Amino acid sequence: MIKMKKVSKWFGQHQVLNDIDLSLSKGEVVVICGPSGSGKSTLIRTINRLESIQGGRIEVDGDDIYASHLNVNSLRQKIGFVFQQFNLFPHMTVLDNVMFGLVNIQKRSKKESMERARSLLDRVGLLEKINAYPGALSGGQQQRVAIARALAQQPPVMLFDEPTSALDPEMVGEVLQVMKGLAKEGMTMVCVTHEMGFAREVADRVVFMDAGQIQEIADPETFFTSPQHPRAQRFLSDVHIR
Amino acid sequence: MIKMKKVSKWFGQHQVLNDIDLSLSKGEVVVICGPSGSGKSTLIRTINRLESIQGGRIEVDGDDIYASHLNVNSLRQKIGFVFQQFNLFPHMTVLDNVMFGLVNIQKRSKKESMERARSLLDRVGLLEKINAYPGALSGGQQQRVAIARALAQQPPVMLFDEPTSALDPEMVGEVLQVMKGLAKEGMTMVCVTHEMGFAREVADRVVFMDAGQIQEIADPETFFTSPQHPRAQRFLSDVHIR
Amino acid sequence: MYLLEAQYLYQMLGGMVTTIQLFIVSWVLAFSVALTLVVIRATELSVARWIVDAYVEYHRNVPLLVHVLFWYFGMPELLPESVRSWLYQHNAEMSLAAIALGLGAAAYIAEDIRSGLRAIPETQFEAARAMGANYLQGMRYVIIPQALRHAVPALIGRALLLFKNTSVTMAIGVAELTYQAREIENDTYRTFATYGAATAMYLAGAFLIMFIGARIHAYYAISGGRNA
Amino acid sequence: MLEIVREYWPMLLVGQYPNGPLGGLALTLIVAVLGLAFSLPLSLLIALARISPVKWLSFVTAQFVRVIRGIPLLMLIFWAYFVVPKLIGSSVSGFTTLVCALVVYQAAYLAEVIRAGIEAIPSGQIEASRSMGSSYILTMRKVILPQALLNVLPSMTNQFVSTIKETSLGYVISVNELTFSANQVNNLVLTQPLQVFGVLAVVYFIVCFSLSRSLRWLDIRIRRSRAMA
Amino acid sequence: DQLDDVKSSGMLNCGTLGTSQPFSFQDNDTRQLVGFDVDICKLVADKLGVDVRFKMMSVAARVPELNEKRVDIIAANLGYTPARAEQIAFSHQYFASRQMLMVRQESNIESIEQLDGRRVGAVKGSSSERDIKNRLPNSTVTGYADGSATYLALQQKKIDAQYGSEAGLMRFVQQAPANSPLMLIETAVFVEPWGLGIRKNEPEFLAAVNQILVEADASGEMTEIFNKWFGADTPYAMQRAYEVEPITSL
Ligand SMILES: Nc1ncnc2c1ncn2[C@@H]1O[C@H](COP(=O)(O)OP(=O)(O)OP(=O)(O)O)[C@@H](O)[C@H]1O
Ligand SMILES: Nc1ncnc2c1ncn2[C@@H]1O[C@H](COP(=O)(O)OP(=O)(O)OP(=O)(O)O)[C@@H](O)[C@H]1O
Ligand SMILES: [Mg+2]
Ligand SMILES: [Mg+2]
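Note that the coordinates shown come from a computational prediction; the quantities given were computed from them, not determined experimentally.

Draft legend 1. Representation of the packing of aromatic side chains within the structure. Throughout the structure, instances matching the rule amount to 45 aromatic pairs over all chains. Each ring, one from F192(C) and one from W79(D), has its centre 5.8 Å from the other, and the planes form 35 degrees; the classification is tilted. On the criterion of chain membership, the pair formed by F192(C) in helix α9 (residues 191–220) and W79(D) in helix α4 (residues 73–88) is interchain, its members lying in two chains. Taking relative accessible area as the criterion, F192(C) reaches 19% and is therefore assigned buried. We classify W79(D) as buried; its relative accessible area is 17%. Cation over ring: K9(B) sits above F11(B), and NZ or CZ is 4.6 Å from the ring centre. Above the face of the Y109(D) ring, R69(D) is positioned so that its terminal group lies 5.1 Å from the ring centre.

Right, dumping it as structure tokens:
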């Protein structure tokens with residue numbers, strides 16, 4: 001489904017991704033963690049071509065996504081992206097946010113889009129907030145709308161960038177429930193997160209990054225109980241202090 | 001040191017604080033926790049008179065701080081406040097941010113202020129960032145500058161509003177170290193936080209709020225191991241899922 | 001100071017109507033051109049930026065009067081004879097004045113919208129693109145509507161100035177309010193009365209614009225407030 | 001166009017001076033500089049009054065700003081010239097009237113720009129400063145205005161440039177600045193109005209462009225120095 | 001009264017336009033205000049035995065400048081009409097402006113009537129609208145900022161005729177390029193009497209000014225001034241064809 005081969009990225013002189021190799025098959029869930037600035041966000045952004053890369057190759061569904069002839073807009077319709085800061089459109093209601101891609105990008109009929117949006121919002125438990133504006137929602141509610149919006153176009157792949165870091169403990173729970181549901185249904189997912197509970201429960205593999213490189217890939221249980229890489233050991237000790 | 005008696009606050013029709021009673025003696029450290037929207041921020045903001053109150057009375061050092069003749073500016077010099085979002089002044093360097101109160105409010109000499117600012121920045125481990133602007137700092141660094149700024153005027157009381165919620169796990173560690181140091185030195189502190197580790201290590205009491213009321217006050221060990229109030233039990237179970 | 005006779009007030013009302021027509025036509029033109037400029041500019045291509053910058057600097061730094069004279073006396077000379085004479089038979093003053101005013105105001109409006117644009121986090125655009133929206137869709141549905149909201153106060157100010165600046169076009173014979181006021185003043189030498197009436201009419205028009213602007217502002221205010 | 005400049009440059013530069021009152025570009029620059037120098041502080045006061053918690057003060061300034069913004073500048077100058085002396089009982093020169101009218105008019109517009117800038121600063125900044133114990137004035141002076149003024153510098157540039165261009169309305173009360181001189185020249189040359197006004201446009205362009213470029217330069221420099229660019 | 005005030009102050013404040021060759025304009029070499037109107041004011045001041053100080057005024061502000069006592073007298077293209085005379089007092093006529101129409105030679109228009117239905121341009125605020133409507137009821141009049149702009153509009157065929165005073169139009173005829181010559185239509189649309197403007201209710205001052213004008217006419221000084229600006233040695237080469245006389249008797 002997703003294949004990254006020797007992907008490298010520089011910001012000016014500064015190398016942010018260094019020979020990244022990573023493959024996901026359909027239905028797989030991968031969690032990425034690592035210290036701040038290690039390149040986690042940059043990595044998942046490259047999968048959606050939100051960043052340019054200077055070396056290597058990324059394939060989604062067998063297509064080289066950095067090929068110049070590739071239609072990037074239709075690629076992105078296949079990939080749902082949930083931003084750390086939600087990035088809901090503040091001038092649209094919750095319903096309009098979720099319908100946006102269906103109506104304006106995929107040019108579906110209003111009626112059909114509305115039905116689909118409603119059923120998604122129902123699923124994330126926000127049916128009664130349908131006409132609210134994002135500014136009137138709590139953080140956890142906003143995050144769930146962002147997920148519904150990303151799911152609306154029925155993408156086979158979902159990317160999550162720290163979907164819970166801005167939330168308080170109770171809201172973290174709400175958002176993780178929804179994501180677990182998706183994982184169970186067989187969605188292919190890449191998720192940057194430090195939520196150990198989530199990683200343990202749903203991830204097939206955990207990827208630990210540091211300084212632009214993948215330092216360790218392991219199944220969750222192994223990673224959390226006996227990390228191999230010294231940087232990962234230090235990192236996990238910090239996380240556990242909490 | 002701080003005495004709140006039957007403090008009530010409304011936003012329009014909505015009661016946000018309901019008969020709050022809370023006293024702190026000198027050198028005491030209190031942690032406030034509770035679900036989102038329960039009134040934690042509002043509570044500590046009233047102690048600094050950043051909010052008006054509609055009922056009750058708050059004394060700091062024996063003075064009724066909502067008395068109309070009270071000089072609010074000199075009250076606030078006695079209370080350091082650290083915001084969740086840092087609120088550093090982006091147009092001033094780190095040093096200027098920390099010197100601001102000394103030079104402009106307390107009218108100390110430049111030289112003396114500079115020395116004091118440097119020693120504070122040294123203490124929070126930021127001596128080398130002294131001439132940087134806030135925009136060029138990481139979140140944890142910004143938060144430490146904010147603490148140094150609040151400490152500069154040597155306030156006997158410090159208020160912290162979720163000082164770590166916007167930080168990643170490693171940075172959380174940095175900030176908590178500084179706060180632990182303060183607690184050990186006998187600073188009177190009120191801290192809104194969900195960092196159980198911190199609460200366990202330094203808090204004298206934990207206050208659990210819900211729906212504008214204090215539901216439970218207990219010492220940390222008791223609170224975390226056997227909370228009495230059902231809402232607190234549910235809340236803690238959520239927190240532990242992580 | 002005493003009031004003017006009905007006949008003169010009527011004449012001035014005629015001028016006011018022209019002023020309002022001119023204002024509306026040039027505002028619509030200005031707004032469309034400004035939006036185009038903003039979209040071009042936002043591509044961040046250096047050629048595009050250069051062109052839009054030059055456009056803005058020209059209009060901002062050259063007096064409006066000169067700009068109006070240029071459009072009236074300079075531009076039509078580039079047209080073929082037949083088009084020109086058709087134009088002159090059909091109130092060329094008015095249409096050329098509207099073009100000159102509109103293009104001039106467009107430069108300012110474009111800057112105002114661009115300031116509004118700067119207030120929109122780049123992540124909004126990214127969010128739209130990440131869903132598969134193309135450049136124009138992202139601009140049209142997500143960025144521009146938000147930028148406009150931020151720009152409303154500045155745009156109200158701009159509309160007021162455009163409304164008042166229509167008087168510049170009297171230099172090329174557009175019979176708007178100031179033009180009529182001058183005619184009447186010159187016929188009667190009752191300077192204070194005529195200018196007093198003209199000032200009152202401008203003020204009334206300006207208040208109307210401020211009122212409508214405030215309505216639009218209130219209508220567009222995004223509800224929900226603090227974390228939007 | 002060059003012959004016109006060669007032939008008439010003294011008139012365009014200084015008007016009748018020294019055989020009469022100073023005029024032309026020199027007068028334009030003087031009026032503009034005075035207009036800019038006074039309108040900025042006045043607009044600051046208006047903006048602060050407009051957002052002040054004192055109800056009547058903000059109400060009065062709001063109405064004032066509204067009315068001034070609703071009157072064409074030409075009319076404002078005209079009325080100031082003829083009405084103000086009646087009110088204060090002594091005559092005021094055209095030059096003074098022009099400068100004052102320009103200052104008041106620009107200040108009203110500028111005040112709105114500045115107000116928007118102040119209101120756009122996150123309230124956390126005010127709270128942070130106030131919670132350290134600084135007074136309202138100190139907070140405005142050291143924390144809010146330095147940020148707000150920088151943010152709205154582009155709009156302020158627009159306003160400054162129009163101040164320069166609007167000095168030309170002084171002709172109506174016989175302040176014979178550059179545009180008036182150009183009209184005189186036009187009357188002498190007679191058959192080349194486009195060329196004469198072309199010269200006028202170039203001169204205004206040079207003056208205004210230098211101002212807007214220097215302000216942009218200043219903007220970039222401050223941003224750089226605050227590590228914001 | 002005003003006459004006494006002027007005499008006692010020793011200064012006559014005279015308002016002129018300053019942008020109206022040859023009546024009042026700034027000489028490019030000396031950069032001083034000169035012209036027919038200027039000389040008339042000087043004449044009045046001389047005869048009153050006082051100094052003269054000139055003030056340039058815009059068309060829009062000239063009447064209030066007078067009525068608000070900023071100046072004592074204005075010589076500023078003031079054509080007489082009864083309506084205007086309700087606001088200010090007119091002296092005897094010191095100039096009679098033949099108001100004429102100028103056309104492009106190639107348009108072959110020779111009479112005023114031929115222009116009916118065509119577009120006519122004039123300087124805005126020159127009482128043109130009313131005058132022309134009387135003669136050319138089907139024409140539209142466009143008022144431009146000044147003579148030069150009107151001229152340009154005529155040359156660019158935006159209008160078919162330019163309306164104005166003979167003195168003003170003459171210079172355009174002379175300066176028009178050879179490939180697009182202009183000409184005046186022989187007959188004047190009408191003759192507009194110009195007077196000096198004085199505040200109402202100043203009979204002594206008005207009488208004194210009138211007397212000065214009459215005497216200057218008699219002594220030949222008026223003709224001298226006229227010839228200096230309009231005579232054979234000037235581009236206008238006009239003959240003086242009017243008397244100094246009370247306007248209301250016209
Ligand atoms: N636009 C940019 N220009 C230059 N450097 C950048 C840019 N964006 C990111 N970087 C740098 O690239 C590195 C990786 O950034 P990235 O955002 O991928 O980190 P991350 O692992 O997501 O960190 P976090 O946990 O804080 O989100 C960082 O050192 C960052 O400073
Ligand atoms: N300016 C305001 N106007 C109206 N209601 C407000 C305002 N500020 C806060 N509230 C409401 O007051 C309640 C308490 O808010 P407060 O910010 O104190 O909560 P909190 O406990 O700090 O929550 P969090 O953990 O999310 O920060 C909330 O329901 C909130 O919606
Ligand atoms: Mg990241
Ligand atoms: Mg809070």
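Draft legend 2. Quick look at the sheet that holds strand β5 (residues 63–64) of chain B. All names here are of chain B. Spatially, the four strands line up as an open sheet ordered β2-β1-β4-β5, and their pairing is antiparallel. Lying at the two open borders of the sheet, with one neighbouring strand each, are β2 (14–24) and β5. Two strands pair when backbone bridges link them, and strand β4 (residues 55–60) and β5 are joined in this way by two bridges, in the antiparallel orientation. Within β5, the position partnered with E59 by the bridge is D64. Across the sheet, helix α1 (residues 40–47) lies against β1 (2–11), β2 and β4, angled at about 125 degrees from β1, the strand it touches most.

Draft legend 3. The arrangement of the pattern of salt bridges in detail. Summed over all chains, the structure comprises 53 salt bridges over all chains. In this structure, K78(A) engages D61(A) in a salt bridge whose closest nitrogen and oxygen atoms are separated by 3.9 Å. Placement of the pair is K78(A) in the loop between α2 (72–77) and β6 (79–82) and D61(A) in the loop between β4 (55–60) and β5 (63–64), with a sequence separation of 17 residues. Look at K78(A) and you get partly exposed, because its relative accessible area is 27%. By relative accessible area, D61(A) is classed as partly exposed at 41%. The shortest N-O distance in the salt bridge between R200(B) and E221(B) comes to 3.7 Å. Residue R200(B) is found in helix α7 (residues 196–202), and its partner E221(B) is found in helix α8 (residues 220–225); the two are separated by 21 residues along the sequence. Judged by relative accessible area, which is 43%, R200(B) ranks as partly exposed. Of the residues examined, E221(B) reaches a relative accessible area of 42% and is grouped as partly exposed. Through salt bridges with shared partners, a single network forms among K9(A), R45(A), E51(A) and E126(C).

Draft legend 4. Spotlight on the interface of chain C and chain D. Between chain C and chain D, the contact holds 34 residues from the first and 32 residues from the second. The junction of chain C with chain D conceals about 3000 Å² of combined surface from both sides, 65% of it contributed by carbon and sulfur atoms. Inspection of the chain C/chain D interface yields one salt bridge. The shortest N-O distance in the salt bridge between E57(C) and R213(D) comes to 3.2 Å. Taken together, the connections running from chain C to chain D amount to eleven residue pairs in polar contact (both at pLDDT 80 or more). Mapped onto the side of chain C that touches chain D, the elements with two or more residues apiece are α2 (46–61), α3 (64–74), α5 (92–118), α7 (135–165) and α9 of chain C. At eleven residues, α9(C) tops the list of elements feeding residues into the side of chain C that touches chain D. Of the residues that constitute the side of chain C that touches chain D, the class distribution is 19 nonpolar, seven polar and eight charged.

Rules used in this analysis
Residues numbered from 1 in each chain as written. Chains lettered and ligands numbered in written order. Predicted model: local features only at pLDDT ≥ 70, side-chain atom pairs only at ≥ 80, totals over all residues. Heavy atoms only, no water. Phe/Tyr/Trp six-rings, centres within 6.5 Å; stacked < 30°, edge-to-face > 60°. Helix = DSSP H or I, 4+ residues; strand = E, 2+ residues; numbered from the N terminus. Buried < 20%, exposed > 50% of the residue type's maximum accessible area, 1.4 Å probe, protein only. Lys NZ or Arg CZ within 6 Å of the ring centre and 35° of its normal. Pairing = 2+ DSSP bridges. Contact = heavy atoms within 4.5 Å. Axes fitted to C-alpha atoms, helices over the stretch in contact; angles between N-to-C directions. Salt bridge = Lys/Arg side-chain N within 4 Å of Asp/Glu carboxyl O. Buried area = accessible area lost by both parts, 1.4 Å probe. Polar contact = N/O pair within 3.5 Å; in protein donor to acceptor, adjacent residues only side chain to side chain. Nonpolar A, V, L, I, M, F, W, Y, C, P; charged D, E, K, R; others polar.

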